[in-house]
Amino acid sequence: MAHIPNWRDIGAGALFCACGSAALWLGRHHAVGNLAAMGPGFFPSVIGALLVALGAAIAVRGARRDAPGITPFAWRPLLAVLGGLVLFAVTIRPAGLLASTLALTVVGRLARPGYGWRETAVLAATLALASGLLFRVALRVPVPLLPNGWTSVPWIS
Amino acid sequence: MDLLNNLGLGLAVALTPANVIYCLIGTALGTAVGVLPGLGPVATIALLLPLTYGLDPVTALIMLAGIYYGAQYGGSTASILLSLPGEISAVVTVLDGHQMARQGRAGDALLVAALGSFFAGCVATLLIAMVAPMLPGIALKFGPTEYATLMALGLAAAVTLARGSMLKALAMTLLGVLFGMVGTDVSSGAERFVFGVPELADGIDFVAVAMGLFGIAEIVRNLEGTAADAAAECGCPTAHRVHWRLPRAEFHRAWPASLRGTAIGAFLGMLPGGGPVLSSFASYMLEKRISAEPQRFGRGAIEGVAGPESANNAAAQTSFIPLLTLGLPSNAVMALMIGALTLHGIQPGPQVMGSDPRLFWGLIASMWIGNLFLVILNLPMIALWIRLLSLRYRLLYPTVLALCAIGAFSVGNSSATVLMTAFFGALGYLFLKLDCDPAPLVVGFVLGPMLEENLRRALTLARGDATVFVTSPISAGLLLMSVLLLAAAGNTARRPKRSRKVAAATPASADEPAR
């Protein structure tokens, strides 16, 4: 039987190595100091170096072991969910909570094919309204409800 | 007697009408949100935290504690009825609890979970009242040296609570420490890993890390296969079978398990980094090991519900001890509690009990009241929870997504937290694919900065002499415990093959978790 390396371990090891190296590289300008007077660069450098070593160990161990491969990434749900969140973050300041919740719901529902548009519309409207009531009216979170420049409903503000 | 005086003071604080009402509201809301799949105690508290902003500190903390117990119990309800654990510790409850539900014994399982939790809560409350006053004395012996090794112990414990490879868990902890370094360095004012982004100068918000790694990543995972909709839309065949009578034989099996679970949970909850997660697993392992018929476990053994549920709740209570007496968060929930306390201008630590006895004893008394509310609220409301849970996943996940987005935004009233949540969501999904448990990362993220700060102070005081960590007896003891914990974890990690054989010998437990 052919040897199948443990790609999960190799991938994780590579990721840890990359993060550790990034910490060492980004922190290269910070003063390291000495044990009695540690600079801001001391601790991150130590942790970064340890992480590189651990990552290498994990990857090497993974390369020597047989294991099932990584299950395929589900790009569509990932992009829909993250895209919805990013869209929400970008739109909430100019457009307000109602519009950005609508956008988040519509984009988030693209995660899987075959969800009906009518249901999406009703769900988005319900969620926008409910979150407005819950967070702005009930919980009094100071979040803009309507787009910039629109006078908001007097009894809410 | 001191104990009675203190408890009396606590009850006087906790029983003011406002505090009782907020405790009730907190428990009810916590259960309502915690019962939703994917929303464990951390997410629930993060979401409901803004509710407490305007309250008096004592009331706010009492309400938050109510939310915590409620969320935890809500998670158990979801695990038992639908096999949808909302958090890691509820996974244990699924094993036998959901089997009981499938056999039409959902009522028994829910009743045992509620009563076991209540019993554990009562015992743990008394224990806290007795033990807590002794702890600040110990706490005063804690200098930077001891705190630094205590943090190291917390990190070591974080490694042991993860599933899977220990090396990976260790690396995840270190990665969490690095994420904790982002922002302005307290001692020197230097900005580390900020990339010139002003929003990063204050550091990464904990809510973004926790919600992204657990909540968002889990949503994407659920949307992967066709199983997601099937699992969430299975309807509830057991709903009409809910009843309250517990057969005598079952009761006699349940109560000793509950007693042992309480003891395990109360002890582990006090250890930083251990907390409820570890305790429910430990209790389940113990019950299975000492049982005369271990083959019943995984097929609806009532001890498998009573023990872990009691342990879970006892640990939830005693995890307040390190927080209130040492200012140490023993898990992610307590880290949130620290945030809530500082928000109200209270610096958690040994001085709280002396400077603010109303807060301290009021909280302890309200623990008991909160547990009472849990029982009263939940037994009659199970039918309602079931209806909430039968929401179709294609409607449920956009709702959870919207709640996460708005929750993240409201933390600092800034879009940056939402973007960070998305980033950690992507990272969390990658970790899922790479078989890396995110729990140690979260603990590292919380404890890392504290470890650095105390390490620096300790070494500055010792003029760079690193031997102080071994010459201080407390510090040396803590270091020894860390080493033992890691050694024990390394031992169990090297035995996966044997445990697989055990699982194969009991087919019921092997096929169950897949559901």
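Summarised in this report is the structure supplied together with it. (Residues numbered from 1 in each chain as written. Chains lettered and ligands numbered in written order. Predicted model: local features only at pLDDT ≥ 70, side-chain atom pairs only at ≥ 80, totals over all residues. Heavy atoms only, no water.)

Structural notes on the packing of helix α2 (residues 17-34) of chain B against helix α3 (residues 41-48) of chain B
Residues and elements named next belong to chain B. With their axes 9 Å apart at the nearest point, α2 and α3 run at an angle of 125° to one another. The orientation of α2 with respect to α3, classified from their angle, is oblique. The interaxial crossing formed by α2 with α3 has right-handed handedness. Touching L29, G30, V33 and G34 of α2 are T44, L47 and L48, all from α3. (Axes fitted to C-alpha atoms, helices over the stretch in contact; angles between N-to-C directions. Helix = DSSP H or I, 4+ residues; strand = E, 2+ residues; numbered from the N terminus. Parallel < 35°, antiparallel > 145°, perpendicular 65-115°, else oblique. Left-handed = near helix turned anticlockwise from the far one by under 90°. Contact = heavy atoms within 4.5 Å.)

With respect to the interface of chain A and chain B
Bring the parts together and some accessible area is lost; that lost area is often taken as the interface size. On the side of chain B, 64 residues touch chain A, which itself brings 61 residues to the contact. When the area that chain A buries against chain B is broken down by residue, the three leading residues are F43, L85 and R112 of chain A, summing to 12%. Applying the counting rule to chain A against chain B returns 3 salt bridges. The salt bridge involving D9 of chain A is made with K168 of chain B; its shortest N-O contact spans 2.6 Å. Here chain A is connected to chain B by 16 residue pairs in polar contact (both at pLDDT 80 or more). Elements supplying a minimum of two residues to the side of chain A that touches chain B: α1 (7-26), α2 (42-64), α3 (75-108) and α4 (117-138) of chain A. (Buried area = accessible area lost by both parts, 1.4 Å probe. Salt bridge = Lys/Arg side-chain N within 4 Å of Asp/Glu carboxyl O. Polar contact = N/O pair within 3.5 Å; in protein donor to acceptor, adjacent residues only side chain to side chain.)

Re unusual backbone geometry
All names here are of chain B. In this model, F193 sits at a positive phi of 50°, which is unusual for a non-glycine residue. Overall, F193 belongs to the buried group, its relative accessible area being 13%. Of note, the phi angle at F195 is positive, near 60°, even though the residue is not glycine. Within the secondary structure, F195 sits in the loop between β2 (191-192) and α10 (206-224). Relative accessible area serves as the criterion here: at 60%, F195 is assigned to the exposed category. (Buried < 20%, exposed > 50% of the residue type's maximum accessible area, 1.4 Å probe, protein only.)

Describing the packing of helix α9 (residues 166-181) of chain B against helix α21 (residues 439-461) of chain B
Residue and element names in this part refer to chain B. Contact geometry for α9 and α21: axes closest at 6 Å, N-to-C directions at 55°. Taken together, α9 and α21 sit at an angle that is classed as oblique. For the crossing formed where α9 meets α21, the hand is right-handed. Between α9 and α21, the contacting residues are A169, M172, T173, L175, G176, V177, F179, G180 and M181 on the first element and P440, L441, G444, F445, G448, P449 and E452 on the second. Residue composition of the contact of α9 with α21, grouped by class: 10 nonpolar, 5 polar and 1 charged. (Nonpolar A, V, L, I, M, F, W, Y, C, P; charged D, E, K, R; others polar.)

Quick look at helix α19 (residues 393-412) of chain B
Residue and element names in this part refer to chain B. Here α19 is 20 residues long and its end C-alpha atoms lie 29 Å apart, about the 28 Å a rise of 1.5 Å per residue gives. Of all 20 residues that make up α19, 15 are buried, and the element is covered over most of its length. In the stretch just after α19, N413 is the one whose phi turns positive, near 55°. (Expected span 1.5 Å × (residues − 1).)

Quick look at the environment of F214 of chain B
All names here are of chain B. When you line up the elements, F214 lands in helix α10. Classification of F214 as partly exposed rests on a relative accessible area of 33%. Sequence separation of F214 and G425 is 211 residues, and the distance between their C-alpha atoms is 7.5 Å.

A few points about the packing of aromatic side chains
With the rule as written, the count across this model stands at 8 aromatic pairs over all chains. Where F73 of chain A meets Y429 of chain B, the ring centres are 5.7 Å apart and the plane angle is 75°; that geometry is what we call edge-to-face. Taken together, the residues span two chains, with F73 of chain A in the loop between α2 and α3 and Y429 of chain B in helix α20 (residues 415-433). Given a relative accessible area of 1%, Y429 of chain B falls into the buried group. Considering the side-chain rings of F179 of chain B and F424 of chain B, the 5.1 Å spacing of their centres and the 70° angle between planes classify their relative orientation as edge-to-face. On the criterion of sequence distance, the pair formed by F179 of chain B in helix α9 and F424 of chain B in helix α20 is long-range, its members being 245 residues apart. One exposure class covers both F179 of chain B and F424 of chain B, and it is buried. Here a set of aromatic residues connected by ring pairs shows up, and it is made of F73 and W75 of chain A together with Y429 of chain B. (Phe/Tyr/Trp six-rings, centres within 6.5 Å; stacked < 30°, edge-to-face > 60°.)

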